Amino acid sequence: MKWEIETRDGQGLLKVSGRLDATTTTEFSQAAAQALAGTPARLLVDLSGLEFISSAGLRGVLLLAKSCQKDGRPLGFCGLRPLVEDVFKISGFMSILKIFPDQAAAADGW
């Protein structure tokens, strides 16, 4: 897994690519914590480069969502590829997380 962090206009952006599975979930959690450390008002996680997500990866996403909810910080995800989107649908994450088609839609939707 590779990741990149940006901060713009009070919004944190975490771009994730590769695979989010049992071997990379801890790295994902650390990257998310680093993205939030800059105290952005909200965090957008761009998954357009994510090729695969396992149940362990979903757990990492859920823990991030719970942490943001606890802190009252809006969290959104964008750019889900078809395979990742299917996993989010099957797991019910589409109904509990804020999902945007892309970064531009997230900027307009918030």
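The residue numbers shown here count from 1 along each chain, following its written sequence. Owing to the predicted nature of the model, reporting of local features is limited to residues with pLDDT of at least 70; listing and counting of side-chain atom pairs is limited to 80 or more, with chain, interface and lining totals taken over all residues. Where side-chain values are given, they derive from all heavy atoms of the structure, hydrogens and water being excluded.

Draft legend 1. Main features of helix H2 (residues 55–71). The end-to-end C-alpha distance of H2, which contains 17 residues, comes to 24 Å, matching closely the 24 Å that a straight helix rising 1.5 Å per residue would cover. Those residues of H2 that fall on the buried side of the exposure criterion are Gly57, Leu58, Gly60, Val61, Leu64, Ala65 and Cys68. Along the axis of H2, the buried positions cluster into a sector of 155°, meaning they face one direction only. The exposed residues of H2 that point more than 90 degrees off its buried face are Ser55, Arg59, Lys66, Gln69 and Lys70. Among the structural elements, strand S2 (11–20), helix H1 (25–37), strand S3 (42–53), strand S4 (75–78), helix H3 (82–91) and helix H4 (93–96) are those in contact with the buried residues of H2. Whenever two N or O atoms come within 3.5 Å, that pair is a polar contact, provided that in protein one can donate a hydrogen and the other can accept it, and provided that, for residues adjacent in sequence, both atoms are side-chain atoms. Only DSSP runs of H or I covering at least 4 residues are called helices, and only runs of E covering at least 2 are called strands; the numbering of each starts at the N terminus. For H2, the N-terminal capping position is held by Ser54, with its side-chain oxygen 3.2 Å away from the main-chain nitrogen of Ala56. Following H2 by one or two positions, Gly72 adopts a phi angle in the positive range, close to 70°. A helix is expected to span 1.5 Å for every residue after the first. Whether a residue is buried, partly exposed or exposed follows from its accessible area with a 1.4 Å probe, protein chains only, as a fraction of its type maximum: under 20%, in between, or over 50%, in that order. To obtain the arc, one takes the directions from the helix axis to the C-beta atoms. Any two residues whose heavy atoms approach within 4.5 Å at even a single point are treated as in contact.

Draft legend 2. Representation of the sheet that holds strand S1 (residues 2–8). With mixed pairing, the five strands of this open sheet are ordered in space as S1-S2-S3-S4-S5. Sheet topology places S1 and strand S5 (98–100) at the edges, where each strand pairs with a single neighbour. Within the sheet, the average angular offset between the axes of one strand and its neighbour, ignoring direction, is 25°. Note on pairing: two strands pair once DSSP finds at least 2 bridges between them. Relative to S5, S4 runs parallel, the two being bridged by three bridges. Paired with Cys78 across the two strands is Phe100, which belongs to S5. For helices, the fitted axis covers only the stretch in contact; all axes are lines through C-alpha atoms, and the angles between them, taken along N-to-C directions, range from 0 to 180 degrees.

Draft legend 3. Local environment of the pairing of S2. Burial analysis of S2 places seven of its 10 residues in the buried class, which makes it a mostly covered element. As judged from the seven bridges shared by S1 and S2, these two strands associate in the antiparallel manner. If you follow Thr7 over to S2, its bridge partner there is Gly12. In textbook terms, the turn of a hairpin is the stretch between consecutive antiparallel strands, and for S1 and S2 this stretch comprises two residues, one of which, Asp9, has a positive phi near 50°. As defined by bridge partners, S2 adjoins S3 across nine bridges and the pair is classed as parallel. The residue bridging Leu13 from the neighbouring strand is Leu44, located in S3. Considered for its hand, the β-α-β crossover made up of S2, H1 and S3 is right-handed. The definition of a right-handed crossover adopted here requires that, viewed with the strands pointing away, the path from the first strand over the helix to the second runs clockwise.

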